[in-house]
Amino acid sequence: MANFRTHIAVNFLNNTLAYAIPVFLLQFLIQPVLASKLGSELNGFFLTILAINYFFVYCTSGILHQTRLLENEKYKALGLHGDFLRILIVMSVICVSVTLSAMYLYGHAIVDALDYLLLTIMTLLFLIHDYISVEYRIKLDFKRILTSNIILSFGYLLGIAYFCNISQRWQYVFIIAYAFAELYDFIHTKFWKETLSITPLLKRTTKKYFTLLSASIIVSAVSYGDRIFIYPITDGESVSIITSAELIGKMLMLISAPLSSFILSYLVKTNFFVIKINFKMIMAIIILCVIIYIICIIISHPLLHALYPKWAEKSLGYVPLITITSIINFISQLYNTYLIRFYSAKWQVVINAVYFVLYFLLSIVSLINWGLYGFCMGTVCASLMRFILMMYISKLKPALISDK
């Protein structure tokens, strides 16, 4: 038992570091350097295109990654191989097409043919990396996940050096980084070698994928909505200001994202698990959230002035509300991991559909009428209502694993 606990602790540490290192590098070095070189308006455009790219990549290979993780045991039990690469190829064509269309729609006056080509290469690298890395999670090989992301981080450093000294096209930063990580992944994974054959499980897998995709489109639109919606409604400078203000809250993602994926990797190995909520647990969570909030507020002033001096003062006004939203979403993401595993996938659609409607009505409408402050207030309310809905659903009877 002691060895098992040690093994889990080591895996969790590797998984957390694997996520934290590249995200930390992006937030505290890469994006501030890009912002200083590009300026507030062009930086806002870059952040918007990057957000659109992340949005569609996650909805494509990110969801396929999750589907493979959930369905792999079924394929393994039946000795089947196939389906997943076929789905990835079809959805990748759609993803690249939509991403290029978005770049044209948002910035056709300031981009050229090379920008479109570089964005295509970058998007394909994102798609491949996000899918084939699921093999590590299925095998619970968190050491290789860490190694892959260390190589990715090294690529970021080379990419930003290339950007600063040779060509100031921001796409090169990501292309160089992911090219290095991809080389390592191709050597140490086999999923990319699978055939394009169709198996008897294709219908089941496709249904699962599109069910999760339906939910993902909604929640991802909210996650990246600050850039996707703010840019056309206001301007690039507003995107730069609000994205900088979100920096402190995003630090929580250094914990929640890897923790969620880590928990799900182990939950798929079990058939039943019950979360027992009591008064002591609620009080512990509240105290933890208050401590996190205070720390975030204290460090926000010096951090933003150091990283984004040109618009730090404007960003600081929105930090308190954005931090509250981030803390609520931090708890929601961890709690939702349990719902994904043990409850029907339809609840993900319900949760995120309700969340999107609330987000649109409370945040986007408030942005139009009351500016960025109204937007921040709306996101707090929408996030809180989503968490309450999750708590209600968790009181219902879980779905049978065979029905999922």
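Definitions and limits used
- Residues numbered from 1 in each chain as written.
- Predicted model: local features only at pLDDT ≥ 70, side-chain atom pairs only at ≥ 80, totals over all residues.
- Heavy atoms only, no water.
- Helix = DSSP H or I, 4+ residues; strand = E, 2+ residues; numbered from the N terminus.
- Polar contact = N/O pair within 3.5 Å; in protein donor to acceptor, adjacent residues only side chain to side chain.
- Contact = heavy atoms within 4.5 Å.
- Patch = residues over 30% accessible without salt bridge, like charges linked within 9 Å, V, L, I, M, F, W, Y side chains within 5 Å.
- Areas by Shrake-Rupley, 256 points an atom, 1.4 Å probe, with all protein chains shown as cover.
- Salt bridge = Lys/Arg side-chain N within 4 Å of Asp/Glu carboxyl O.
- Buried < 20%, exposed > 50% of the residue type's maximum accessible area, 1.4 Å probe, protein only.
- Axes fitted to C-alpha atoms, helices over the stretch in contact; angles between N-to-C directions.
- Parallel < 35°, antiparallel > 145°, perpendicular 65-115°, else oblique.
- Left-handed = near helix turned anticlockwise from the far one by under 90°.
- Nonpolar A, V, L, I, M, F, W, Y, C, P; charged D, E, K, R; others polar.
- Phe/Tyr/Trp six-rings, centres within 6.5 Å; stacked < 30°, edge-to-face > 60°.

Peer 1: Got a minute to help me understand the side chain of Thr 189 in this structure?
Peer 2: Relative to the assigned elements, Thr 189 resides in the loop between helix 6 (171–188) and helix 7 (202–223). Here Asp 185 takes part through its backbone oxygen, which lies 2.5 Å from a polar atom of the side chain of Thr 189. Setting aside residues up to four positions removed in sequence, Thr 189 forms contacts with Ile 132, Glu 135 and Tyr 136.

Peer 1: What should I look at first to understand a nonpolar patch on the surface in this one?
Peer 2: Together, Met 283, Ile 286, Ile 287, Val 290, Ile 291, Ile 294, Ile 295 and Ile 298 line one region of the surface with nonpolar side chains, adding up to about 700 Å² of accessible area. Within the secondary structure, Ile 298 is located in helix 13 (residues 279–307). On the accessibility criterion, Ile 298 (59% relative accessible area) is exposed.

Peer 1: Before we go on, may I ask you to explain the packing of helix 15 (residues 319–342) against helix 16 (residues 346–394) in this structure?
Peer 2: Between two packed helices, the angle of one axis relative to the other and the distance separating the axes together describe the packing. Viewed as axis vectors pointing N to C, helix 15 and helix 16 meet at an angle of 25 degrees, and their least axial separation amounts to 10 Å. Regarding the angle of helix 15 to helix 16, the classification is roughly parallel. Remark: the crossing between helix 15 and helix 16 carries left-handed chirality. Looking at the contact of helix 15 with helix 16, its residues break down into 18 nonpolar, eight polar and one charged.

Peer 1: Looking at this structure, how should I read the packing of aromatic side chains?
Peer 2: Geometry of an aromatic ring pair is reported as the spacing of the ring centres plus the angle between the planes. Applying the stated rule across the entire model yields 19 aromatic pairs. Plain terms: the ring middles of Phe 154 and Phe 180 are 5.9 Å apart, the flat faces sit at 85 degrees to each other, and that makes the pair edge-to-face. On the criterion of sequence distance, the pair formed by Phe 154 in helix 5 (residues 142–165) and Phe 180 in helix 6 is long-range, its members being 26 residues apart. Of the residues examined, Phe 180 reaches a relative accessible area of 35% and is grouped as partly exposed.

Peer 1: Just checking my understanding: could you explain the environment of Arg 386 for this structure?
Peer 2: As for its placement among the helices and strands, Arg 386 is situated in helix 16. A relative accessible area of 9% places Arg 386 in the buried class. At 3.0 Å, the side chain of Arg 386 and the side chain of Asn 329 are in polar contact.

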